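Residue-level structural notes
Next come the chains, spelled out residue by residue.
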Amino acid sequence: MNVNRFVPVSTTIKSGFFRAYQDLTYREILPYQWRALNDEIDDAPDSHSVENFRIAAGKSTGEFNGMAFQDSDLAKWLEAAGHSLANAQRDPSFPKEVREKLEEWVRSAVEVVASAQQPDGYLDTFFTVKAPDHKWSNLREAHELYCAGHMMEAAVAVYEGTGDRTLLDVVSRLADHIGSVFGTETGKKRGYPGHQEIELALMKLYRLTNEKRFFDLATFFIDERGRKPVYFDVEAQSERFYPVWGFDRDHEYHQAHLPVREQRDAVGHSVRAMYQYIAMADIALENGDRELADACRALWTSTTERRMYVTGGIGSSRHGERFTTDYDLPNDTAYAETCAAIGLFIFANRMARLDNEARYADVAERALFNGILSGLSLDGTRYFYVNPLEVVPAVCDTNGTYRHVKYRRQSWYGCACCPPNVARLLASLGTYVSRAAGDTLYVDLYCNGVVSAPLSSGTFELEQSGNYPWDGAISIRVTDAPAGAVSLALRVPAWCRTPSLRVNGDEIPIDSISEKGYARLERVWNAGDEVVLDLPMPVEVVSADPKVKADFGRVALQRGPIVYCLEEVDNGKDLHTIALAEDPAFRVEHRKQLLGGVTVVEARGTRTSAAQSSSAPLYRQESFSPSLEETTLTFIPYYAWANRDPGEMTVWVSAPR
Ligand SMILES: [Zn+2]
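Predicted model only: the values in this text are computed from it and were never measured.

Across its full length, the protein carries 19 helices and 22 strands. Computed over its C-alpha atoms, the radius of gyration of the protein comes to 25 Å, within 12% of the 26 Å expected for a compact globule of 657 residues. Dimensions of the protein, computed from C-alpha atoms along their principal axes, come out at roughly 75 × 70 × 50 Å. Evaluated residue by residue, the protein yields a buried proportion of 51% over its 657 residues. Counted over contacts in the protein with a minimum sequence separation of 6, partners at least 24 positions apart contribute 70%.

So, in structure tokens, the structure goes:
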């Protein structure tokens, strides 16, 4: 058996930073989004997502409304609710009235979804309501397989959270219907989704049910992509073709330009790319497919070493929400869709499972604490789709180039993929904290929680505690362990220069036990053993590869996993005229009352004084020699920006002048 095979391990997060986000999810985010999906929020665009299912089920009359993939919004919400209910099962402190309310909403949503399913298993309200004679005629644009995938992920989560099989039965019938339409056998379509998602969802369904036909269908979709002639060109010639948007996207946009095993550069729509790479890694994990694993490694390198923002955001261009070329990472026109950072986070988890290298979880952590959390307001009810690293509000308001860049989070979106995606990720965070591989328990993320992990030789139970991400001292207490020796492998983040480790008070040199970025402790463990990992987190000055034009001559601040930014509300306007001082004399302070409790960094800096003057001529006949004023700069965590008065923001500031 492949020792790295996907073993589900779930950490119950009990307190601290992530628990606050999980509490926010069930207390605020899920109720708010349920109202949004039911069109009950006055200042938000109508979703129509639930109503579309009601119309498709014949319970209501009217027209389909929204995007072709509107079904997926409800599916992602259902998945988030399922994860929250799974958390509730493990946590006696979960409020009963919240659980009952969630269960009631889930029941009503599952009922309407189930009743919208067609007798042959087909499920997609766009075509059922709008174009029943054109099902499966436009895979490139129509998102039927994408929506099916999200409903499969929802079904797995709802089953795990409630034990109710209704939705699982619905998606099993749907998967079997899809399997009757697509395949290599004569008479079947050799198509694949225009937006990847069903591949990774089928892998989830397979892992839950152990039904090999779901694995085979996932593998079929992955292997068909990019074969010549490209299926999207073939289907477009058919008389049944049903145009949805009429965009003529190139094949790279859909990652259909090459067979996936030959793909090496991260190209095209970034969310599509991530979902594909996740499925490729899932398949490689299951069957040991080396070609797929090698392609994943190359695509990982392309994504994270040449095409990723310091915040973990990816997909730098608004046009096609896509990757462009190496080192093209503009800060002000950045796209960096929240969903893409979420995709990268999950891809990192799969790569960590494949190779057991800590560098993958380093990227997961970067994306999570920065480019993902920035997609959500601190009260849980406002969202960013686009996550810029620099804004000037007046420019966003007037220059069409920046039309996609918002400086206030929005109540909802016509294309609302990101809000429920954040919800499902936060609710499922416990599944990304630790991994079991053979007789090793890997800890990838730090938080306050308990885990019971099935290792080959028995159950290994731990409790981790601390005040991460504000403090790097992490305590891990063993509560139960197998009789023989097993390994505990703790990620030592690459951002930490001086980590140290003690076991039951004895210092152990990390270098002596370091393996692929993890500190690996192999021994016979007893209940009560305590490991203390100390990760000192001084403020670090970060610079980018000089090939990144947008960051040339500039620096960013990072402390632990948190990337910082300057906001106008703390530092005044014209943030581009600010530079860090040669001796910044960083001062770190945790402010409980600010932005939900954040550690703020103060630094000495300089500001170009001419910027303050309104009488200066626009151009002058002299070389650039600004007169500088000293100033104190206040940096806040990037994820928490845009929660106060709107204004300028920047992550990168000029290097000392
Ligand atoms: Zn999105």
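There is more to say after this.
Further remarks concern the sheet that holds strand E13 (residues 530–534). The strand order across the open sheet formed by 7 strands is E1-E5-E6-E7-E13-E9-E10, and the pairing between neighbours is antiparallel. Edge positions in the sheet fall to strand E1 (11–15) and strand E10 (506–507), since each of these pairs with one other strand and no more. By the bridge criterion, 4 bridges tie E1 to strand E5 (residues 448–455) in an arrangement that is antiparallel. Looking across to E5, one finds that Thr11 is bridged to Val451. Running over the sheet, helix H1 (residues 16–37) touches E1 and E5 and is turned about 95° from E1.

Relative to each other, helix H3 (residues 71–90) and helix H7 (residues 144–162) sit at 20°, their axes nearing to 7 Å. Between H3 and H7, the crossing angle belongs to the class labelled roughly parallel. Like other packed secondary-structure pairs, H3 and H7 cross with a definite hand, here left-handed. Touching Asp71, Ser72, Ala75, Lys76, Leu78, Glu79, Gly82, His83, Leu85 and Ala86 of H3 are Tyr146, Cys147, His150, Met151, Glu153, Ala154, Ala157, Val158, Glu160, Gly161 and Thr162, all from H7. Tallied by class, residues from the contact of H3 with H7 come to 10 nonpolar, 6 polar and 5 charged.

What follows is about the pairing of strand E3 (residues 434–437). Going residue by residue along E3, you find Ser434 and Ala436 tucked away on one face and Arg435 and Ala437 tucked away on the opposite face as well. Here E3 runs beside strand E4 (residues 440–443); their pairing, made up of 4 bridges, is antiparallel. Residue pairing across strands places Ser434 opposite Val443, the latter belonging to E4. What sits between E3 and E4 in their antiparallel hairpin is a turn of 2 residues, with Gly438 showing a positive phi close to 60°.

The subject of this paragraph is the packing of helix H12 (residues 270–287) against helix H13 (residues 290–306). It is at 8 Å that the axes of H12 and H13 come closest, and there the two elements cross at 145°. In this structure, the crossing between H12 and H13 has a hand that is left-handed. Two secondary-structure elements touch here, H12 through Tyr277, Met280, Ala281, Ile283 and Ala284 and H13 through Leu292, Ala293, Ala295, Cys296 and Leu299.

Attention now moves to the nonpolar core. Of all hydrophobic cores here, the largest spans 209 residues; its most connected members are Met151, Ala155, Leu202, Ala218, Met280 and Cys296. Formed jointly, this core draws a minimum of three residues from each of two domains, domain 1 (434–534) and domain 2 (540–654). Apart from the residues within four sequence positions on either side, Leu202 is in contact with Met152, Ala175, Phe214, Leu217 and Ala218.

Over its 12 residues, helix H9 (residues 198–209) runs 16 Å from end to end, which matches the ideal 16 Å to within 8%, given 1.5 Å per residue. Counting buried positions over the 12 residues of H9 gives 9, a clear majority of the element. Looking at H9, one finds that the buried residues are Ile198, Glu199, Leu200, Ala201, Leu202, Met203, Lys204, Leu205 and Tyr206. Close packing links the buried residues of H9 with H7, helix H8 (166–181), helix H10 (212–224) and H12. Two residues or fewer after H9 comes Asn210, characterised by a positive phi angle close to 65°.

Attention shifts here to helix H15 (residues 358–372). Residues separated by three or four positions in an α-helix point in the same direction, a consequence of the helix having 3.6 residues per turn. For H15, which comprises 15 residues, the first-to-last C-alpha distance of 20 Å matches the rise-based estimate of 21 Å (1.5 Å per residue) to within 8%. Counting buried positions along H15 yields 14 of 15 residues, so the element is predominantly enclosed.

With that out of the way, let us pick up the sheet that holds E4. Read from one edge to the other, the open sheet built from 5 strands follows the order E3-E4-E8-E12-E11, with strand pairing classed as mixed. On the outer flanks of this sheet lie E3 and strand E11 (514–515), each paired with one strand and no other.

Tracing the backbone through its elements, the reader meets Ser457 in the loop between E5 and strand E6 (458–466). By C-beta crowding, Ser457 is classed as partly exposed, having 14 other C-beta atoms within 10 Å. Residues Ser457 and Asp332, 125 residues apart in the sequence, show an inter-C-alpha distance of 52 Å. Leave out the neighbours within four places in its chain, and Ser457 touches Asp439, Pro482, Gly484 and Val486.

What follows covers the domain arrangement of the protein. Domain boundaries assigned for the protein yield domain 1 (434–534) and domain 2 (540–654). Each of domain 1 and domain 2 has a C-alpha centre, and the two are 37 Å apart. For the side of domain 1 that touches domain 2, a count of residues per class yields 4 nonpolar, 1 polar and no charged.

Of note, the amide linkage connecting Lys228 to Pro229 takes the cis form, showing an omega dihedral of -5°. Checked against the element boundaries, Pro229 lands in the loop between H10 and helix H11 (231–236). Residues Tyr468 and Pro469 are joined by a peptide bond in cis, for which omega reads 5°. Within the fold, Pro469 resides in the loop between E6 and strand E7 (473–480). A positive phi angle, near 55°, is found at Gln255, a position not held by glycine. Here Gln255 shows up in the loop between H11 and H12. The backbone of Tyr327 shows a phi angle near 70°, a positive value even though the residue is not glycine. Relative to the helices and strands, Tyr327 resides in the loop between H13 and helix H14 (338–355).

Now for the environment of Val555. Among the structural elements, Val555 can be located in strand E15 (residues 554–559). Along the backbone, Val555 and Glu291 are 264 residues apart, and their C-alpha atoms lie at a distance of 38 Å.

Here we take up the pairing of strand E20 (residues 628–637). Successive side chains on a regular strand alternate, one facing one side of the sheet and the next facing the other. Here strand E16 (residues 562–567) runs beside E20; their pairing, made up of 3 bridges, is antiparallel. Looking across to E20, one finds that Leu566 is bridged to Phe635. Both strand E19 (residues 598–608) and E20 contribute to a ladder of 8 bridges, which runs antiparallel. Paired with Arg607 across the two strands is Glu629, which belongs to E20.

Another aspect to go through is the environment of Ala453. By the secondary structure assignment, Ala453 is in strand E5. Classification of Ala453 by C-beta neighbours within 10 Å gives buried; the count is 24. Separated by 395 residues in the primary sequence, Ala453 and Gly58 have C-alpha atoms spaced 46 Å apart. The contact partners of Ala453, leaving out residues within four places of it in the chain, are Val9, Ser434, Ala436, Leu441, Thr459 and Phe460.

Rules used in this analysis
Residues numbered from 1 in each chain as written. Predicted model: local features only at pLDDT ≥ 70, side-chain atom pairs only at ≥ 80, totals over all residues. Helix = DSSP H or I, 4+ residues; strand = E, 2+ residues; numbered from the N terminus. Rg over C-alpha atoms; globule rule 2.2 N^0.38 Å. Buried ≥ 20, exposed ≤ 12 C-beta atoms within 10 Å, placed from the backbone. Contact = placed C-beta atoms within 7 Å. Pairing = 2+ DSSP bridges. Axes fitted to C-alpha atoms, helices over the stretch in contact; angles between N-to-C directions. Parallel < 35°, antiparallel > 145°, perpendicular 65-115°, else oblique. Left-handed = near helix turned anticlockwise from the far one by under 90°. Nonpolar A, V, L, I, M, F, W, Y, C, P; charged D, E, K, R; others polar. Core = buried A, V, L, I, M, F, W, Y, C linked by C-beta atoms within 7 Å. Domains from an automatic or database assignment. Expected span 1.5 Å × (residues − 1).

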